[in-house]
Amino acid sequence: MQNLATDLLVTLAYGVVGVVLMGIGYVLVDLATPGRLNHLIWHERNRNAALLLASNLAGVGVIVVAAIVASEDDFALGLVGAAAYGVLGLVIMAAAFVLLDVATPGKLGELLVDPEPHPAVWVSAVVHLATGAIIAAAIS
C-alpha cells in the first residue's frame, strides 16, 4: 500500500509541474497573439488560435514526458528536469515564433488569429511540435 501512496504522490507532483508549464505556455501564446486567447477560442471559436495553443500545449507535454522517462526513477531529478526542460522548451518555442514572424510577411500573431483558416497557423503549429520533439530527443 505504501508504494501506491508514494506513486500517487509522485504522479501528483509531475502532474502539477506539467499543468503549471502548460499554464505558462498558455500565457505566452496569449501574449504573442492579439486579443484575449480565451475569448478568441471559447467565444469566437477561432480555429487558428485553438490550433496554435493546442500545438504549444502538446509540445510542452512531449518535453515533460521525456524528462520523466529520462529520470530513471529518480524523483527529484525527474521533477527538476521536467520543470527545467519545460521552461527551456517554452523559451525556445517563443524564440522560434519570433524568428518565424521575422522570416514571414505580415504580423504572424495577427494572421494566426484571423477568423478565416490560414496556412500560417499550420506552419507555426509544426514549429511548436517540432521544438518539443527536438528537446525531448535531446533529453533522452
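Chains are numbered independently. Their residues run from 1 in the order of the written sequence. Local features in this predicted model are restricted to residues whose pLDDT is 70 or higher, and side-chain atom pairs enter the listing and the counts only when it is 80 or higher, whereas totals over whole chains, interfaces and linings include all residues. The basis for every side-chain value is the complete set of non-hydrogen atoms in the structure, without hydrogens or water.

Listed under Subcellular location (unreviewed entry) in UniProt, the entry text for the protein chain is "Cell membrane". We quote the UniProt Sequence similarities (unreviewed entry) comment for the protein chain here in full: "Belongs to the UPF0719 family." UniProt positions are given in the numbering used here, feature names are shortened, and annotations may be inferred rather than shown by experiment.

A. Highlighting the overall build of the protein chain. Within the protein chain, the regular secondary structure consists of 6 helices and 0 strands. When its helices and strands are written in sequence order, the protein chain yields α-α-α-α-α-α. With respect to the principal axes defined by its C-alpha atoms, the protein chain has extents near 55 × 30 × 20 Å. Residues classed as buried in the protein chain amount to 36% of the 140 residues present. The contact rule is simple, with two residues in contact once any of their heavy atoms fall within 4.5 Å. Within the protein chain, contacts between residues at least 6 apart in sequence are counted, and of these 72% link residues at least 24 apart. Helix and strand definitions here come from DSSP, where helices need a minimum of 4 consecutive H or I residues and strands a minimum of 2 consecutive E residues; each element is numbered from the N-terminal end. Classification of residues uses two cut-offs on accessible area relative to the type maximum, computed with a 1.4 Å probe and protein chains only: under 20% is buried, over 50% is exposed, and between them is partly exposed.

B. The nonpolar core, seen in detail. With 14 residues, the main nonpolar core has Leu37, Ala49, Leu108 and Leu112 as its most contacted residues. Breaking this core down by element, the ones donating at least two residues are helix H2 (37–43), helix H3 (47–70), helix H4 (75–103), helix H5 (108–112) and helix H6 (119–139). In this view, Leu37 contacts Tyr26, Val29, Asp30, Trp42, Ala49 and Leu53; residues no more than four positions away in its chain are not counted. Take the buried residues of types Ala, Val, Leu, Ile, Met, Phe, Trp, Tyr and Cys, join any two whose side-chain atoms come within 4.5 Å, and each joined set is a nonpolar core. The next biggest cluster of nonpolar side chains, apart from the first, holds 13 residues, and it includes Val17, Ile63, Val64 and Ala82.

C. Focus on the pattern of salt bridges. Salt bridge criterion: a side-chain nitrogen from Lys or Arg within 4 Å of a carboxyl oxygen from Asp or Glu. Applying the stated criterion across every chain, the model contains 2 salt bridges. A salt bridge links Asp101 to Lys107, with the shortest nitrogen-to-oxygen separation between them at 3.2 Å.

D. Highlighting H6. A helix is expected to span 1.5 Å multiplied by its residue count minus one. Given a rise of 1.5 Å per residue, 21 residues ought to cover 30 Å, and the 31 Å separating the end C-alpha atoms of H6 matches this to within 8%. Residues of H6 that are buried include every one of Ala120, Val121, Ser124, Ala125, His128, Thr131, Gly132, Ile135, Ala136 and Ile139, and no others. Buried residues of H6, viewed axially, fall in a sector of 155°; they line one side. For H6, the exposed residues set more than 90 degrees away from the buried face come down to Pro119, Trp122, Val126, Ile134, Ala137 and Ala138. Arc definition: it is the arc formed by the directions from the helix axis to the C-beta atoms.

E. Fine view of the packing of H4 against H6. Axis definition: a line fit to C-alpha positions, over the contact stretch in the case of helices; interaxial angles, taken between N-to-C directions, run 0 to 180 degrees. For the pair H4 and H6, the least separation of the axes is 10 Å and the interaxial angle reads 145°. Crossing of H4 against H6: the hand is right-handed. Within the contact between the two elements, H4 uses Tyr85, Leu88, Gly89, Ile92, Met93, Ala96, Phe97 and Leu100 and H6 uses Val123, Ser124, Val127, His128, Thr131, Gly132, Ile135 and Ile139. Residues of the contact of H4 with H6, tallied by class, amount to 11 nonpolar, 5 polar and no charged. Note: crossing handedness is left-handed where the near helix turns anticlockwise from the far helix by less than a right angle, and right-handed where it turns clockwise. Here the nonpolar group is Ala, Val, Leu, Ile, Met, Phe, Trp, Tyr, Cys and Pro; Asp, Glu, Lys and Arg are the charged ones; every other residue, Gly included, is treated as polar.

F. Examining the confidence of the model for the protein chain more closely. Every residue gets a pLDDT, meaning the predictor's confidence in that residue, from 0 to 100. When pLDDT is averaged across the protein chain, the result is 90; 99% of the residues are at 70 or more. Here H5 stands out as the element of the protein chain with the lowest mean pLDDT, 81, in contrast to H2, whose mean of 94 is the highest.

G. Seen up close, the environment of Val16. Take Val16: it is sitting in helix H1 (residues 2–32). Using a relative accessible area of 45% as the deciding quantity, one classes Val16 as partly exposed. In this structure the C-alpha to C-alpha distance between Val16 and Leu79, which are 63 residues apart in sequence, comes to 9.9 Å.

H. Layout of the packing of aromatic side chains. Here a pair means two rings of Phe, Tyr or Trp (six-membered ring of Trp) with centres within 6.5 Å. Their orientation is stacked below 30 degrees between planes, edge-to-face above 60, and tilted elsewhere. Under the counting rule described, the total for this entry stands at 1 aromatic pair. The interplanar angle of 80° and the centroid separation of 5.9 Å between the aromatic rings of Tyr14 and Phe75 together place this pair among those described as edge-to-face. You can see Tyr14 sitting in helix H1 and its partner Phe75 sitting in helix H4, a full 61 residues away along the chain. Residue Phe75 is classed as partly exposed on the basis of its relative accessible area, which comes to 35%.

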